[in-house]
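The lines below spell out each chain.
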Amino acid sequence: MKVISFLVCLMLALGFSGDAQRLTYNMDRNWKFYSGDTTHADEQGFNDRNWRTVDLPHDWSIEGAFNKYAPAGGRGAYLPTGIGWYRKTLILPDAIKGKYISIRFDGVYMNSEVWINGHLLGKRPNGYISFVYKLTPYLRSRKNLIAVRVDNSMQPNSRWYSGSGIDRHVWLEATSALHVANWGTYVTTPEADSSHAKVVVRTMINNEGNTTIKAELTTTISNEAGRDVATVLLPVSVSAGDTAMGSQELEVKSPYLWSPSHPSLYTVNSVLRIGTRIVDEYQTTVGIRRIEYSTQDGFLLNGERVKMNGVCLHNDGGCVGAAVPLAVWEDRLKLLKAMGCNAIRTSHNPPDPVLLELCDRMGFLVMDETFDMWEKGKMKNGYNLYFDDWWERDLVDQVHRDRNHPSVVIWSAGNEIPDQTSDRGVELLKWQIAAFHREDSTRPVTTANDDISADNGSTKLAFLEAEDIVGYNYVDRWHERRELFYDEDRYLHPDWKFIGTESEAIYEFPQYSLGNDPRKVRANYLSGMIRAEQLWKFIAVRPFIIGDFMWTGVDYLGEAMWPDKGAYFGVIDRSDVCKDSYYFYKSQWVSEPVLHLLPHWNWPGREGQVIPVLAYTNCDTVELFLNGKSYGVKAQEFPRQGNSQAWNKYERPFVHTNTADLHLFWDVTYEPGILKAIGYKNGLKVAEDSIITAGEPSTIKVTVDSTCLYADGQHVALLHVEVLDTKGRIVPTAKNALTFTVEGDNRLIGTDNGNPADDHFFGSNRIMAFNGRAYAVVKAGLHPGNITIKVSGDGLTGASVDCISLRDPKPGLFLP
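Bear in mind the structure is a predicted one, so any value in this text is a computation, not a measurement.

Engineer: When you look at the overall build of the protein chain in this model, what are you seeing that I'm missing?
Structural biologist: Tallying secondary structure elements over the protein chain gives ten helices and 46 strands in all. Taken against the 2.2 N^0.38 rule, which gives 28 Å for 816 residues, the C-alpha radius of gyration of the protein chain at 28 Å falls within 12% of a compact globule. Along the longest, intermediate and shortest principal axes, the C-alpha atoms of the protein chain span 90 × 65 × 55 Å. Expressed as a percentage of the 816 residues in the protein chain, the buried residues total 61%. The long-range fraction of contacts in the protein chain, counting pairs at least 24 apart against all pairs at least 6 apart in sequence, stands at 72%. Taken as a whole, the protein chain presents about 32000 Å² of accessible surface, with 50% of it coming from carbon and sulfur. Each charge sign in the protein chain was given a centre, from 84 positive and 100 negative side chains, and these centres are 2 Å apart.

Engineer: What is the right way to look at the nonpolar core in this model?
Structural biologist: Counting residues in hydrophobic clusters, the biggest one holds 115 residues, and the most contacted among them are Leu 333, Leu 336, Met 339 and Trp 601. Sort the elements by how many residues they give to this core and helix H2 (residues 326–339) lands first, with seven residues. Ignoring sequence-local partners within four residues, the contact set of Leu 333 consists of Leu 313, Ile 344, Leu 355, Leu 358, Cys 359, Met 362 and Phe 364. In terms of nonpolar packing, the next biggest core, distinct from the first, is built from 31 residues, Tyr 25, Val 114, Leu 135 and Val 170 among them.

Engineer: I'm lost on the sheet that holds strand E26 (residues 470–473) in this one. Help?
Structural biologist: Within a sheet, neighbouring strands are paired by backbone hydrogen bonds and run either parallel or antiparallel to one another. The eight strands are arranged E21-E22-E23-E24-E25-E26-E27-E28 in a closed barrel whose pairing can be described as parallel. For this sheet, the mean angle separating the axes of adjacent strands, direction not counted, is 25 degrees. For strand E21 (residues 308–313) and strand E28 (residues 545–551), the ladder comprises four bridges, and the chain directions are parallel. Looking across to E28, one finds that Asn 309 is bridged to Asp 548. Lying on the sheet, helix H4 (residues 387–402) is in contact with strand E23 (365–369) and strand E24 (408–415); it crosses E24 at an angle near 160 degrees. Together, E21, strand E27 (498–504) and E28 form the strand contacts of helix H9 (residues 530–540), whose direction differs from that of E28 by roughly 165 degrees.

Engineer: I keep staring at the sheet that holds strand E16 (residues 266–274) and nothing clicks. Help me out?
Structural biologist: On the basis of which strands lie adjacent, the open sheet formed by four strands has the order E14-E13-E16-E17 and antiparallel pairing. Two strands bound the open sheet, and with one partner strand each, they are strand E14 (228–238) and strand E17 (277–286). Ignoring which end each strand starts from, the neighbouring axes of this sheet average 20 degrees apart. Sheet topology places strand E13 (residues 213–222) next to E14; ten bridges connect them, and they run antiparallel. Bridge pairing in E14 places Ile 221 opposite Ala 230.

Engineer: Explanation requested: the environment of Glu 483 in the structure shown.
Structural biologist: Within the secondary structure, Glu 483 is located in helix H7 (residues 481–484). On the basis of relative accessibility, which here comes to 54%, the residue Glu 483 falls in the exposed class. Spatially, the C-alpha atom of Glu 483 lies 9.2 Å from that of Phe 538, the residues being 55 residues apart in sequence.

Engineer: Please clarify how the packing of H9 against helix H10 (residues 580–589) should be interpreted in this entry.
Structural biologist: Two packed helices can be described by the angle between their axes and the distance between those axes. Close contact between H9 and H10 brings their axes to 12 Å; oriented N to C, the two are set at 15 degrees. With respect to H10, the element H9 is oriented roughly parallel. In this structure, H9 meets H10 at a crossing whose hand is right-handed. Residues Ala 532, Glu 533 and Trp 536 of H9 touch H10, and the partners they reach there are Phe 584, Tyr 585, Gln 588 and Trp 589. Taken together, the residues of the contact of H9 with H10 break down into five nonpolar, one polar and one charged.

Engineer: Explain a nonpolar patch on the surface here, please?
Structural biologist: Nonpolar side chains collect at one region of the surface, where Tyr 507, Phe 509 and Phe 569 lie side by side and expose about 260 Å² of accessible area between them. Owing to a relative accessible area of 40%, Phe 509 belongs among the partly exposed residues under this scheme.

Engineer: What am I meant to see in the pairing of E17 here?
Structural biologist: Each regular strand displays side chains that alternate between the two surfaces of the sheet. As paired elements, E16 and E17 share nine bridges and run antiparallel to each other. The residue of E17 that forms the bridge with Asn 269 is Gln 283. The antiparallel pairing of E16 with E17 creates a hairpin that spans two residues between the two strands, and Gly 275 there sits at a positive phi of about 70 degrees.

Engineer: Quick question: what am I supposed to make of the pattern of salt bridges here?
Structural biologist: Where side chains of opposite charge bring their charged atoms close, a pairing between them can arise. Scanning the entire structure with this criterion turns up 46 salt bridges. With a closest N to O distance of 2.7 Å, Arg 124 and Asp 394 form a salt bridge. With a gap of 270 residues between them, Arg 124 in strand E7 (residues 119–124) and Asp 394 in helix H4 connect regions that are remote in the sequence. Considered together, Arg 124 and Asp 394 belong to a single accessibility category, that of buried residues. Across the pair Arg 438 and Glu 392 runs a salt bridge whose closest N-O atoms are separated by 3.2 Å. Taken together, the residues Arg 438 in helix H5 (residues 423–439) and Glu 392 in helix H4 connect sequence positions 46 residues apart.

Engineer: Whenever I open this one, the packing of aromatic side chains confuses me. Can you help?
Structural biologist: For any pair of aromatic rings, geometry is given as the distance between the ring centres together with the angle between the planes. Applying the stated criterion across every chain yields a total of 36 aromatic pairs. Summarising the aromatic geometry, the rings of Phe 371 and Phe 387 are spaced 5.6 Å apart at their centres and angled 80 degrees between planes, so their arrangement reads as edge-to-face. In this pair, Phe 371 sits in the loop between E23 and H4 while Phe 387 sits in helix H4, placing the two residues 16 residues apart along the sequence. According to the relative accessible area criterion, Phe 371 is buried, its value standing at 3%.

Engineer: Sorry if this is basic, but what is going on with the side chain of His 405 here?
Structural biologist: Considering the arrangement of structural elements, one finds His 405 in the loop between H4 and E24. By relative accessible area, which is 12% here, His 405 ends up buried. Each residue touching His 405, except ones within four places of it in the same chain, is listed here: Arg 289, Leu 356, Glu 357, Asp 360 and Arg 443.

So, how was this worked out
Counting of residues starts from 1 at the beginning of each chain's written sequence and follows it residue by residue. Only residues with pLDDT of at least 70 get local features here, since the model is predicted, and only at 80 or more are side-chain atom pairs given and counted; chain-wide, interface and lining totals rely on the full set of residues. As a rule here, side-chain values cover all heavy atoms of the structure and leave hydrogens and water aside. Starting at the N terminus, helices and strands are each numbered in turn, a helix being any DSSP run of H or I of at least four residues and a strand any DSSP run of E of at least two. With C-alpha atoms as the basis for the radius of gyration, the globule rule is written as 2.2 Å multiplied by the number of residues raised to the power 0.38. Note on exposure labels: buried denotes an accessible area under 20% of the residue type's maximum, exposed denotes more than 50%, and partly exposed covers the range between, all computed with a 1.4 Å probe on protein chains only. Any two residues whose heavy atoms approach within 4.5 Å at even a single point are treated as in contact. Note that accessible areas follow from Shrake-Rupley with a 1.4 Å probe, and for residues the cover is restricted to the protein chains shown. Neither His nor the chain termini are counted; the positive set is Lys and Arg, and the negative set is Asp and Glu. In plain terms, the charge of a residue is placed at NZ if it is Lys, CZ if Arg, CG if Asp and CD if Glu. To qualify as a nonpolar core, a set must consist of buried Ala, Val, Leu, Ile, Met, Phe, Trp, Tyr and Cys residues joined through side-chain atoms within 4.5 Å. By definition, two strands form a pair when at least two bridges between them are found by DSSP. Throughout, an axis means a line fitted to C-alpha atoms (over the contacting stretch in the case of helices), and angles, computed between N-to-C directions, take values from 0 to 180 degrees. Any angle from 65 to 115 degrees is called roughly perpendicular, while one under 35 is roughly parallel, one over 145 is roughly antiparallel, and all others are oblique. Handedness of a crossing is defined here by the sense of rotation of the near helix relative to the far one, left-handed for an anticlockwise turn of less than a right angle and right-handed for a clockwise turn. Each residue gets one of three labels, nonpolar for Ala, Val, Leu, Ile, Met, Phe, Trp, Tyr, Cys and Pro, charged for Asp, Glu, Lys and Arg, and polar for the others, Gly among them. Any residue with relative accessible area above 30% and no salt bridge may belong to a patch, with like charges joined within 9 Å and the nonpolar Val, Leu, Ile, Met, Phe, Trp and Tyr side chains within 5 Å. We define a salt bridge as a side-chain nitrogen of Lys or Arg found within 4 Å of a carboxyl oxygen belonging to Asp or Glu. For Phe, Tyr and Trp, rings pair up if their centres lie within 6.5 Å, where Trp contributes its six-membered ring, and each pair is then called stacked (planes under 30 degrees apart), edge-to-face (over 60) or tilted (otherwise).

What follows is the structure, encoded as structure tokens:
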């Protein structure tokens, strides 16, 4: 059932619509692009012959070279910004003649202006919000011109890399005069358990015609197998040029409840009929679930307490910039899921709709965030310049777009808002919370507050009291809170609900180092985990804490200082390599045995020196060996078990712990060879990990996430490259130059290696390995056939991987 559902979702995401009345076209192909400003480009007769042809999503910043003096600075990853123009000739298919046509942009960064045939449709300053314009009044009979001006020249305007351009999908929708409005359904489940669910569907119906129309609204809920499980009818009457709201209740018996472990989805089909004729059909993907928040038990999903094991995610996809292909998000979410992560915070803006669709399907709880600033700015040209005029429209559009996603369980009105310390900020917060509650009464609202208990001006108590849930950024930042965390506020405000909106993750350097003095060992990987470990020990045993979102899930571009181009706080680097910190969280968040050793074991010239060896594990005891010699058994237990049934009696074998940390530590005299750890639980061997000294770089290994792609210009293959020695072991110090060659009707769209200081052009086919690894993204073309991707390297035996590009059996509706 899940496979069928995914194929349906994929078809819809790529533009397929089986409804003859409502036709949805993907408009991503063949736009003309010009980098720079010009005049009259909104006019149909303008000559764009010398403009470049691009497909969407498109981010022109990522196509540029790094420049230490770029106007965006380190915040913008030292990449170019500026102004850009897009033009597309829109030739209307015969199938949509006489219909009411609109265009939807999933996101344009930023200050977008859109024209149709020289008529200005509107402007949206916010670069992350989705928006819709009606085209019908301005269309010509067949050939039309869409023009978009994007202005990202006012710098700096973001604290992290934003990208520039039409960096999300664009859609053309054609409907009858009577139709369900854009984002026109609101589906809630006020009652939901394993025996039955009450589903309330509110449907907004537009009448674009000149007369009152009477019709019948049939709403049907179907499960993932396509079987209808509930149906209800409602007569409606909509005046000319007006909108009507219909409300219906349906009962689903024995529903499959949505949760991170079982993300079951349903489809709500809204059908409008005039007599027996179907005039519109609209589909909404939903999940049946019940959410509750408690001062005692934190977050409850379907009546069960669930701790949010969360990460914060920025909007970029590394070497592909802000124009992130579906496969990149999917690969990252798979890794996070395997780590035990069950929650995502969309830092600090409305996310790409594709990300929320994946969270629905893969099972992630989402904190959906709106703004990084309100009236008080954080940089010269930030969103604060537009906040007063645009906040409500942006907020309402975001809520209407996202409120049917079962993954979205909490709204965040802002991140580290400077207004939190002022009376005016209290007023602004209350206005926004009222708007959230008006548009969606089912989810609470928080903000990510970084000044609670700050010395230099703390968050107003009235600000915190106004929130449904009080959000803490870096709860341990100030004074005694480094040890007490939430305790003081829990004591003073027992009626508050608490969530960690952003917290310190394990800090680790991009490369291991033993220091610059070859005579002494000063390892750089010994202390970065202490704050994260202590915080997790506090959170894990206190049910009242809803959860915690650590900073960050994946490394991101921007927020850097030269020579770095991006921040490296993530547990996964930009090339989708899991760092050591990934295994700490996995050891705490999953039940399966985890054992991970660090560092690597290639230290020539350090023979005889004592090198610290660490392990992240959920085993209770671990024994470490080097070349067969034991370096002793280390033991840990968290949470520690107390007596059971009688004094000095325990349910499980007693663990004689020798550390209260959540990692294990050995001092090992270095010699090349095999470092091996064996982990035990309850006296039984359950895990093993080894690190072997590698030889000189010799060969290349290439793996690909998928060997079968659709020839639609949308699908990508993700390549992971490793530099190996003659025995097939990865060489962790390798930095060979690698060259990618792609054959056939396909294109290399990005290369990366995870090194924040690397200044290679992301679009280059040549890159240096970093820590023995590299990464590439290849996009399939429009013509089916074989795809051969070759990787060669200086002084290395090359490798290749073969993929196949197939014609999509249901290719969807694309405008040429």
